[in-house]
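A closer look at the structure
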Amino acid sequence: MEQQLKQLEQEALAKIEAASNLKELNDVRVAYLGKKGPITDLLKGMGKLSPEERPKMGALVNTVRENVTNQLEARITILEEQAIQEQLEKESIDVTLPGRKIRTGNRHPLTRVIEEIEDLFLSMGYEIAEGPEVEKDYYNFEALNLPKGHPARDMQDTFYITEETLLRTHTSPVQARTMEAKKGEPIRIICPGKVFRRDNDDATHSHQFMQIEGLVIGENIRMSDLKGTLDALAKRMFGEEREIRLRPSFFPFTEPSVEVDVSCHKCGGTGCNVCKQTGWIEILGAGMVHPNVLEMAGYDSKKLSGFAFGIGAERIAMLKYGVDDIRHFYTNDIRFLSQFHRTEE
Amino acid sequence: MLVSLNWLKQYVDIHGFTAEELAEKITRSGIEVDAVIDRSQGMTNVVVGYVVSKEKHPDADKLNVCQVEVGEGDVRQIICGAPNVDAGQKVIVALPGARLPGGIKIKKAKMRGQESNGMICSLQELGVEGRVVPKAYADGIYVLPEDAVPGSDALELVGLRDTVLELGLTPNRSDALSMLGVAYEVAAILSREVKLPEVKYETTYEKAEDVLNLRVEAKENPLYAAKVVKNVKIAQSPLWLQHYLMAAGVRPHNNVIDITNYILMEYGQPLHAFDYDALKTKEIVVRLAHEGEKIVTLDDQERNLKAHNLVITNGIEPVAIAGVMGGANSEVTENTTTVVIESAYFEGLSVRRTSKEIGLRSDASARFEKGVDPNRVIPAAERAAQLLAELAGGEVLEGTVLVDELDKTPARVVVSPDFINARLGMKISLEDMLSILNRLQFDVEAANGLLIIDAPTRRQDIKIEEDIVEEIARLYGYDEIPMTLPEGNDQVGGLTPYQAKRRVARNFLEGAGLYQAVTYSLTSEELSQKYALKAEETTKLLMPMSEERSTLRQSLVPHLLESASYNVARNAESVALYEIGSVFLGKTAEDLPYEEEHVAVVVTGKWVDNAWLGEKVNADFFIVKGILEGLFEKLGLQNRISYAKSTVDGLHPGQTADIFLDGEKVGIIGGLHPVERKNLDLKDTFIAELNLKAILTATGEELVYTPVPRFPAMTRDIALELDRAVPAGEIIDIIRKAGTKLLKGVNVFDVYEGEKMAPGKKSVAFSLTYFDPERTLTDEEVVNAHEKVLKALVETGAEVR
């Protein structure tokens, strides 16, 4: 019997070793350890043994059974691992293939510039004012100290709709309308928007372009405030190292009036072809609000003062991104637009 | 304004500064110097030559072989093709090795077999603009005066050893439209003196007023001064004068004309010279023209005058349009002997209007328009008399024929130093302020803490306190202004809800795959109403530059489609754009068009293209609709939006819908009509336009948390056989209405129109979701609710499959 048992063990272990999948292993288990298996049969035959032999044989059967079970389980673990390995191999992919594209668009570069400027001024407590693109001559010119027949009207060639209405030539009429509406109250606004001039479209001219106007009116608003504000603007748009300088100029709606240069962001001020070797680039016009403009809108120019500035969004975008032709902003070539997708340093 | 530094030096000392340094100082303190022009342009080896002899070139009809002395005993053969070259002339010679403007290098050469050792030059070859070269030398070489010394520097002799500053003047600084004005400015900047020309001349016993009668009958001419000069000899002006004029961009003619132009440039006062005998009547009458009166001006054009045009007449007919241009009938010719010089003050507005109407803008009209210095009108006439005597041999009649009602008092400005400092945010001392005002030669007195200033009349731009603020600041230096930020603000700032939502809309549309486009607001009349949500009266330009840009748009779609077409023509496989912009509709009470902000979308080409994954989706209606639905959901409007099939010109009649918000039309969506697609060379293309203003001003539902469901939902599916024309939207409405409050969602999950269906029929399958947030539903409850839906559907004639 003992020999019979040993033989069974040998047979079982050999079959376990030979099994190549879980099903075969299960068959082995059922065949040898199952209720109808030979080991169980042997245990049933134990009654025929002598009382001295019985415990000895019992221990032996248990050892064999344990041994077969252990081998069986070890083999199961190996086969399971193999199965997972096979699955992993089957499921492996070429990770260098391109990903599934996420479709996105982005802002127009002019909107990008405008929003950047808006955000700067919003953070300084400004509001954003908007006004109509078709304006009355009064708001576009007269309320800004440009009466009919004023020579300075020649500075801006105008698209007229009628004698009294026109396409605004700048965003300054929004100033005039805001002042009228605020009835003598302090103001802090910027006004972005489309403006129009009678120009033939070419690389540097566009009959339609974008301007951003700024206006602050309050007690004791000084030219130094204008300078400090524009310095913050220049630094935001062109980098912390930028400096600005003011040059005297003339606009009928401001006195004093200035042109504002920013130190060249390309060469840092040493001179290059972007700044035409001067180290400085003209970026905007500004000044202290002319008392006539204040008075016409019902502000007491003796008590309140203010500053105003106007920036061309195209000019800023062209300088900032090195765009060489203003028409790019209006042809909407996707190869152009899509370049303004990413963040910038 | 072109400022010759050689000329400027006559009035102010500029030594110690290079032209560039001077230009920088002028620019930084008030007048922008656009360019610093070295008139010699780096030329070398350009000398005076004496043409010893001239012979015809043996082998070339148009060439001459000249022997030219270019230094003592240095005679060289030079071939010259100019028609006016001749023996005995002193000429300009560029020797071999010379460099001329435009990169021309002069070398020894053979011309048709004859040796040529240099070039005899025209002024144009030395870089002088053709339009300012005297007519006599316009088509040939320039001839120098007889006393020129061969071998000496020719550039010096023709005034090209000079630097010119090109000033970009703003309209307020008309004072700098004269050499004297620039001299005052430079003197103020450099703290130096101005040296005015000394005006002295002798007169005859005969009195001007005895030979010329003057009447002024128009208030537009408050000051008219006339000088009469007899026995004038018309000739070329001296070279220095010609060279100054050329440097200033004015062509020399003859001494009389040149003198008037010289003084125009020197004093900024336009003058006009009449031929006294050609006036015929010994009389000058200034008046407004008669309507329809005619005059032939100096440029031989006949001009029709209007009743508001100011004219100078001889008492009978116009002899000049005041301040704009003289008449041909009284022109100074080479036979003129007696000259009447007019120096007058004409109202700027009148001159501006007339010159604009006639389309004639001259150096004179430009100055009158901006206002000449009232105190320089008479001195300019005196200066003219002096120069006519000195340079044209004239005899000046005694006295000035004058009508003078012009107020010449300077503008008085009273301002406190504190005001100046407060406006600037600075602390400039009173001494510094006084010093600046003195440098400007403003008459100033400090009393009782105030500055009482009489600005000279040449500075017509100085009228109010702020003007003084600017003068002080610009000469003190804008660099000295500190940087501060405005104090005291109780405004919080920030975007309005509309502006904030517009940004949300932009972000959404971009996130959905659209690029933002910006197109022109002006379009053609034909396109202005195409695809418009509502076509109303259009707004047209009075004088468009082209028909293409003549009318304001009422829809954003046409230009967006053009942009799409532009991209597709450049091989873009996928174009998806949106634009936010105003459309212009009808008229408001303000007589302005009503401006309504819209958003439009165009999608064409491939929408999804992951080729290696086998995924390709072309643009279709439901992509655009899905984007709009997403936007409405983002704005909390999804339950208030509905769509109804409609037709729009240019869109596919079977693929177009109107979009409604609370029953009001707020948009359109559709596929482009095949004919339009063909015209624009586009494949399947879909557009939408929404009234953004309406969408963003509609208040969305308040955002309040609803508990996350804790109990399971149950779904039931329904498949219906419907007529092909029945919109699924209607069925959804029926289901929604019939479903009890347990019905929480209806979704279409299958649409089938194919061979398995009867003709004209389609199958649509819906999935209905039921749940109760309070508890788990029983089967029975769901069956009951669902039965109601089925019943309602059957009642409408739908066949449940």
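Thresholds, definitions, all that
- Residues numbered from 1 in each chain as written.
- Chains lettered and ligands numbered in written order.
- Predicted model: local features only at pLDDT ≥ 70, side-chain atom pairs only at ≥ 80, totals over all residues.
- Heavy atoms only, no water.
- UniProt positions renumbered as here; feature names shortened; annotations may be inferred.
- Domains from an automatic or database assignment.
- Salt bridge = Lys/Arg side-chain N within 4 Å of Asp/Glu carboxyl O.
- Buried < 20%, exposed > 50% of the residue type's maximum accessible area, 1.4 Å probe, protein only.
- Contact = heavy atoms within 4.5 Å.
- Buried area = accessible area lost by both parts, 1.4 Å probe.
- Helix = DSSP H or I, 4+ residues; strand = E, 2+ residues; numbered from the N terminus.
- Nonpolar A, V, L, I, M, F, W, Y, C, P; charged D, E, K, R; others polar.
- Disulfide = S-S within 2.5 Å.

The name an unreviewed UniProt entry gives chain B is Phenylalanine--tRNA ligase beta subunit, with Ureibacillus xyleni as the organism. Of chain B, the UniProt comment under Catalytic activity (unreviewed entry) reads exactly: "tRNA(Phe) + L-phenylalanine + ATP = L-phenylalanyl-tRNA(Phe) + AMP + diphosphate + H(+)".

The name an unreviewed UniProt entry gives chain A is Phenylalanine--tRNA ligase alpha subunit, with Ureibacillus xyleni as the organism. Listed under Subcellular location (unreviewed entry) in UniProt, the entry text for chain A is "Cytoplasm".

In many analyses, interface size is given as the accessible surface area lost on bringing the parts together. On domain assignment, one finds that chain A holds domain 1 (2-91) and domain 2 (109-340). The distance between the C-alpha centroids of domain 1 of chain A and domain 2 of chain A comes to 91 Å.

The subject of this paragraph is the pattern of salt bridges. For the structure shown, the criterion picks out 72 salt bridges over all chains. Of the charged contacts, one joins R376 of chain B and D373 of chain B as a salt bridge, the two residues approaching to 3.8 Å between their closest N and O atoms. The exposure class assigned to D373 of chain B is buried, which follows from its relative accessible area of 12%. The network of salt bridges with shared partners includes R107, E115, E118 and D119 of chain A together with R503, R506 and E510 of chain B.

Before going further, it helps to examine the interface of chain B and chain A. At the junction of the two partners, chain B supplies 96 residues and chain A supplies 94 residues. Interface area, chain B with chain A, both sides summed: about 8000 Å², of which 51% is carbon and sulfur. Here chain B is connected to chain A by 12 salt bridges. Where R503 of chain B meets E115 of chain A, a salt bridge forms, and the shortest distance between an N and an O atom there is 3.8 Å. With nine residues, the top contributor of residues to the side of chain B that touches chain A is strand 33 (residues 574-585) of chain B. Residue classes in the side of chain B that touches chain A are distributed as 38 nonpolar, 26 polar and 32 charged.

Before going further, it helps to spend a moment on the state of the cysteines. A complete count under the given rule lists zero disulfides over all chains for this structure. C275 of chain A takes part in no disulfide bond, and the closest cysteine sulfur, belonging to C267 of chain A, lies 3.7 Å away. Owing to a relative accessible area of 3%, C275 of chain A belongs among the buried residues under this scheme. Not part of a disulfide, C66 of chain B finds its nearest cysteine sulfur in C80 of chain B, a span of 5.4 Å.

Further remarks concern the UniProt feature "domain: FDX-ACB" (unreviewed entry) in chain B. Mapped onto this numbering, the UniProt entry annotates "domain: FDX-ACB" (unreviewed entry) at residues 709-801 of chain B. As a span, residues 709-801 of chain B carries 30% helix and 34% strand, and end to end its C-alpha atoms are 32 Å apart.

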